[in-house]
Amino acid sequence: MNNEKKFWQNTWQKHLDEYLKSPPRVGIFIKNYFKDVKSVLEIAGGSCRDSRYLAYNGYEATGSDFDEKTIKYLQKERFPNDKLKYSIEDAFRLSFKDNSFDLVFHNGFFICFNNNEDIFKMLKEQERVSRKYIVIFVHNVKNQKLKKIFKEKSKYDDLYNIRFFDKNEILQIVKDSKIKYKNIKILKFGGLVDIFYKKRIKKIIPNVMYPFSEFLVPKLCQLQKWEHTERICCVVELDK
Ligand SMILES: C[S@@+](CC[C@H](N)C(=O)[O-])C[C@H]1O[C@@H](n2cnc3c(N)ncnc32)[C@H](O)[C@@H]1O
């Protein structure tokens, strides 16, 4: 994938609205999964939809990306009174002090890097600024249907030209990065069960569907096969 800032500026001009419209699945997951987290940093946030969701759900949340133009647009024009704090950040050199956040996360970011050495460097930086957790979401190579769709779309749009990961591969990358951890968990994320986030379904029985989606979708997701799972979620509990 193209990693130039210019590429991302242009890409967000085309795709930002569709990202902002889709449910903040990662924010919902973080809210329901972690009970000991108050402050969060989203790295390479793009639309920052997930950190924005967390900001409106009582978290001290910062959304960041190295694409200055998109961050400024979100902050100044799109969400001028946002509860979310914004920061322009290169994931290789974060401006924050050591241990600034309880949890640092990114969704669909390591998929932009073919070189594991780059990923090691970024993980070290994430370890530095996080007190407790690093949470990683990457696309799942076992989902061959999704891979095919991306391959087809990538002929016309470089946004879809990404690296897919195997769950053992991302696990090994975290281990090889030499960050100090107490525990690593691999979870299934996204796929068939996301149907319950759809507005049409929520309209039919809203009072049941809202809590149902938020609490149960991440749990139900674990029951589906890897072949039907969209992304791999890797939860790293740091040893600090
Ligand atoms: C696929 S997008 C992430 C989408 C985002 N999770 C969302 O929900 O809107 C990848 C993002 O990585 C950002 N990015 C690429 N290289 C970066 C770097 N070195 N530091 C910070 N952000 C970077 C791009 O600007 C882009 O917004």
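Look above for the structure.
Keep in mind that what you see is a predicted model, and the values were worked out from it rather than measured.

Side-chain pairs of opposite charge can arise where the charged atoms are in close proximity. Under the criterion given, the structure shown has 17 salt bridges. The salt bridge partner of R52 is D82, with a shortest N-O separation of 3.0 Å. In this pair, R52 is assigned in helix 3 (residues 49-55) and D82 in the loop between helix 4 (68-78) and strand 3 (85-88), connecting sequence segments 30 residues apart. Of the two residues, R52 and D82, both sit in the buried class.

Let us look at the packing of helix 1 (residues 5-21) against helix 4. The interhelical angle for the contact between helix 1 and helix 4, taken along N-to-C directions, is 45°, at an axis separation of 10 Å. Judged by the inter-axis angle, helix 1 sits oblique to helix 4. Note that helix 1 runs across helix 4; the crossing there is right-handed. Across from Q9, W12, Q13, L16, D17 and L20 in helix 1, the residues of helix 4 making contact are K69, T70, Y73, L74 and R78.

So, on to the site of the ligand. Around the ligand there are 20 residues in total, and W12, S47, D65, A91 and N107 lie nearest to it. One nitrogen or oxygen atom from the main chain of G45 is found 3.0 Å from an oxygen atom belonging to the ligand. A distance of 2.8 Å separates a nitrogen atom of the ligand from a polar atom in the backbone of N107. In the complex, the protein chains occlude 97% of the 600 Å² of accessible area that the ligand would expose alone. No other element matches helix 1, which puts three residues into the shell around the ligand. Of the residues in the shell around the ligand, the class split is eight nonpolar, six polar and six charged.

With that settled, the discussion passes to the nonpolar core. Ranked by size, the top nonpolar core spans 73 residues in total, and within it F110 and I136 carry the most contacts. With residues near it in sequence (within four places) discarded, I136 still touches H106, F110, L123, I170, V174, I232, C233, C234 and V236.

Attention now moves to helix 5 (residues 116-129). Over its 14 residues, helix 5 runs 20 Å from end to end, which matches the ideal 20 Å to within 8%, given 1.5 Å per residue. Regarding helix 5, the residues found buried are I119, F120, M122, L123, E125, Q126, E127 and V129. Packed against the buried residues of helix 5 are strand 1 (39-42), strand 4 (101-107), strand 5 (130-139), helix 7 (167-176) and strand 7 (229-238). Between the side-chain oxygen at the start of helix 5 and the backbone nitrogen of E117 there is a gap of 2.9 Å, and the oxygen is on N115.

The next subject is the side chain of T11. As for its position among the elements, T11 is in helix 1. Assessed through its relative accessible area of 4%, T11 is described here as buried. At 2.8 Å, the side chain of T11 forms a polar contact with the backbone oxygen of F7.

A word on the sheet that holds strand 6 (residues 181-191). In any sheet, the strands associate via hydrogen bonds between backbone groups, in a parallel or an antiparallel arrangement. Strand order across the open sheet formed by seven strands is 3-2-1-4-5-7-6, with mixed pairing between neighbours. With one partner strand each, in any of the chains shown, strand 3 and strand 6 form the two edges of the open sheet. Across the sheet, the mean angle separating the axes of adjacent strands is 20° when strand polarity is ignored. Here strand 1 runs beside strand 2 (residues 60-65); their pairing, made up of four bridges, is parallel. Bridging across to strand 2, V40 finds its partner in A61. Its contacts with the sheet place helix 2 (residues 25-33) against strand 4, strand 5, strand 6 and strand 7, and it is angled at close to 135° to strand 6. Running at roughly 145° to strand 5, helix 5 makes contact with strand 1, strand 4, strand 5 and strand 7 of the sheet.

What counts and how
- Residues numbered from 1 in each chain as written.
- Predicted model: local features only at pLDDT ≥ 70, side-chain atom pairs only at ≥ 80, totals over all residues.
- Heavy atoms only, no water.
- Salt bridge = Lys/Arg side-chain N within 4 Å of Asp/Glu carboxyl O.
- Helix = DSSP H or I, 4+ residues; strand = E, 2+ residues; numbered from the N terminus.
- Buried < 20%, exposed > 50% of the residue type's maximum accessible area, 1.4 Å probe, protein only.
- Axes fitted to C-alpha atoms, helices over the stretch in contact; angles between N-to-C directions.
- Parallel < 35°, antiparallel > 145°, perpendicular 65-115°, else oblique.
- Left-handed = near helix turned anticlockwise from the far one by under 90°.
- Contact = heavy atoms within 4.5 Å.
- Near = heavy atom within 4 Å.
- Polar contact = N/O pair within 3.5 Å; in protein donor to acceptor, adjacent residues only side chain to side chain.
- Areas by Shrake-Rupley, 256 points an atom, 1.4 Å probe, with all protein chains shown as cover.
- Nonpolar A, V, L, I, M, F, W, Y, C, P; charged D, E, K, R; others polar.
- Core = buried A, V, L, I, M, F, W, Y, C linked by side-chain atoms within 4.5 Å.
- Expected span 1.5 Å × (residues − 1).
- Pairing = 2+ DSSP bridges.

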